[in-house]
Amino acid sequence: MAGPDIVKEPGIDETGFASLFVTAPDCLRLHVRRYGDRGRGLPIVCLPGLTRNGTDFHELATALTRDAAQPRLVFTIDSRGRGRSDYDPNPENYSFPVELADVLAVITALEIGPALVLGTSRGGILTMLLGAARPTAIAGAILNDIGPVIDVKGLVRIKGYAGKLPTPRGYEEGAEILRRLGDAQFPGLSPEAWLRQAKQVWRQQDGAMMLAYDANLAKTLETIDVERPPPALWAQFDSLARVPLMVVHGANSDILSAATLDTMRERRLDIDILEVPNQGHAPLLVEPDVIARIAAFVTLCDVSALGF
């Protein structure tokens, strides 16, 4: 069977990344940002959350790519139905098996060898599933505010607004909508930071504001109920036992509980836990100290991959 097609847009744009398009197994086009040209050490693959896209990792990817001592090659994937990837006409395909197949198609098409995989929320679940499905693809993992047990109260909160946000007249109004929804999770976040979030949640098209994701993604949460928590993924978590593992935890998170984090620590005594104060689900990964900690962990993964 022929491999996925790659369509490269001409040139590197002004923000320092190239846009690549990979054809998924069912012919949908998946958008991938590639930061850097020829990086040293392990490549990094970033997987965003349910309604998010690769722009979430821009600051982190830029910093890692421009590290003078150890420049990196970083790929951020827009899952189907998000960002610049195609929307799926069948909402049932917004599922873990299909999205895992998409990730495998991307790393195969772009010839990404063993990589450090960073997954935020749903992207972290995909990271654990990838560890179980293709262990040799992962040389290190970062789970951003996600674990094998997901707090159902947080899912109910997300269910309440995913795909249902009011349409703002502009990004400033969008920032205020997000601030009202998220201030309890992210107290004290600056107006500039909320504006950045608005520019990731919405996009302007023909003078109108539109969600930067398919509203049908909300259907993945239809069965969520406080009486029916999703199944635990301890076996998938344990599939990462052979590689270095970092967990980023938002101190105000209602998705990754302290109890689950403690159990993860008990099962992995060498786990690197980064607690982010004053942030909930999911930490933004844009602060210089957070980026520095992640960069140090990436270097550790390089050493581990060499067999030391």
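Refer to the structure printed above.
Throughout, residues of each chain are indexed from 1 in the direction in which the sequence is written. The model is predicted, so local features are restricted to residues of pLDDT at least 70 and side-chain atom pairs to those at 80 or more, both for listing and for counting; the totals for chains, interfaces and linings are taken over all residues. The basis for every side-chain value is the complete set of heavy atoms in the structure, and neither hydrogens nor water enter the calculation.

Let's shift gears to the pattern of salt bridges. Within this document, salt bridges are pairs made up of a side-chain nitrogen of Lys or Arg and a carboxyl oxygen of Asp or Glu, the two lying within 4 Å of each other. Taken as a whole and judged by the stated rule, the model has 17 salt bridges. Ionic pairing is found between aspartate 102 and arginine 80, a salt bridge with its closest N-O pair at 2.6 Å. Here aspartate 102 is found in helix α2 (residues 96-109), whereas its partner arginine 80 is found in the loop between β5 (74-77) and α2, with 22 residues between them in sequence. Among the residues examined, arginine 80 registers a relative accessible area of 0% and is labelled buried. The partner of glutamate 176 in a salt bridge is arginine 179, and the shortest N-O contact between them spans 2.7 Å. Placement of both glutamate 176 and arginine 179 in helix α5 (residues 171-182) is noted, with a separation of three residues, approximately one turn of the helix. Put simply, DSSP H or I for four residues or longer makes a helix, DSSP E for two residues or longer makes a strand, and each gets a number counted from the N terminus. Burial here depends on accessible area, computed with a 1.4 Å probe over protein chains only, as a share of the maximum for the residue type. Under 20% is buried, over 50% is exposed, and the range in between is partly exposed.

Centre-to-centre distance and the angle between the planes together describe a pair of aromatic rings. Only rings of Phe, Tyr and Trp enter the pairing, Trp through its six-membered ring, and a pair is recorded when the two centres are within 6.5 Å. The plane angle decides the type: under 30 degrees is stacked, over 60 is edge-to-face, the rest tilted. Applying the stated criterion across every chain yields a total of three aromatic pairs. For the ring pair phenylalanine 186 and tryptophan 194, a centre distance of 6.4 Å and an interplane angle of 80° mean the geometry is edge-to-face. When its relative accessible area of 8% is taken as the criterion, phenylalanine 186 is described as buried. Using a relative accessible area of 6% as the deciding quantity, one classes tryptophan 194 as buried. With a centroid separation of 5.7 Å and 90° between ring planes, the pair formed by tryptophan 234 and phenylalanine 237 is classed as edge-to-face. With tryptophan 234 and phenylalanine 237 both in helix α7 (residues 234-238) and three residues apart, this pair spans about one turn of that helix. Given a relative accessible area of 1%, phenylalanine 237 falls into the buried group.

Attention shifts here to helix α4 (residues 152-159). Along α4, the positions that sit buried rather than exposed are Val152, Gly154, Leu155 and Ile158. All buried residues of α4 lie within an arc of 155° about the axis, which places them on one face of the element. Where α4 begins, the side chain of aspartate 151 points an oxygen toward the backbone nitrogen of lysine 153, at a separation of 3.0 Å. Think of it as the arc spanned by the lines of direction from the helix axis to the C-beta atoms. Between N or O atoms, a polar contact is any pair within 3.5 Å; within protein, one atom must be a potential hydrogen donor and the other a potential acceptor, and residues adjacent in sequence are included only when both atoms are from side chains.

With that settled, the discussion passes to the nonpolar core. Within this scheme, the nonpolar core is defined by two criteria: the residues are buried Ala, Val, Leu, Ile, Met, Phe, Trp, Tyr or Cys, and they are joined through side-chain atoms within 4.5 Å. Counting residues in each nonpolar core, the largest one holds 69 residues, and the members touching the most others are Val32, Leu110, Leu130, Leu143, Leu165, Trp202 and Met264. The element contributing the most residues to this core is α2, with six residues. It only takes one pair of heavy atoms within 4.5 Å for two residues to be counted as in contact. Ignoring sequence-local partners within four residues, the contact set of valine 32 consists of Ala18, Ser19, Leu20, Val22, Phe75, Thr76, Ile77, Val106 and Leu110. Formed by 25 residues, the second largest nonpolar core is a distinct cluster that contains Tyr35, Leu118, Ile142 and Val276.

So, to be careful, I would describe these as geometric facts and stop short of saying anything about function.
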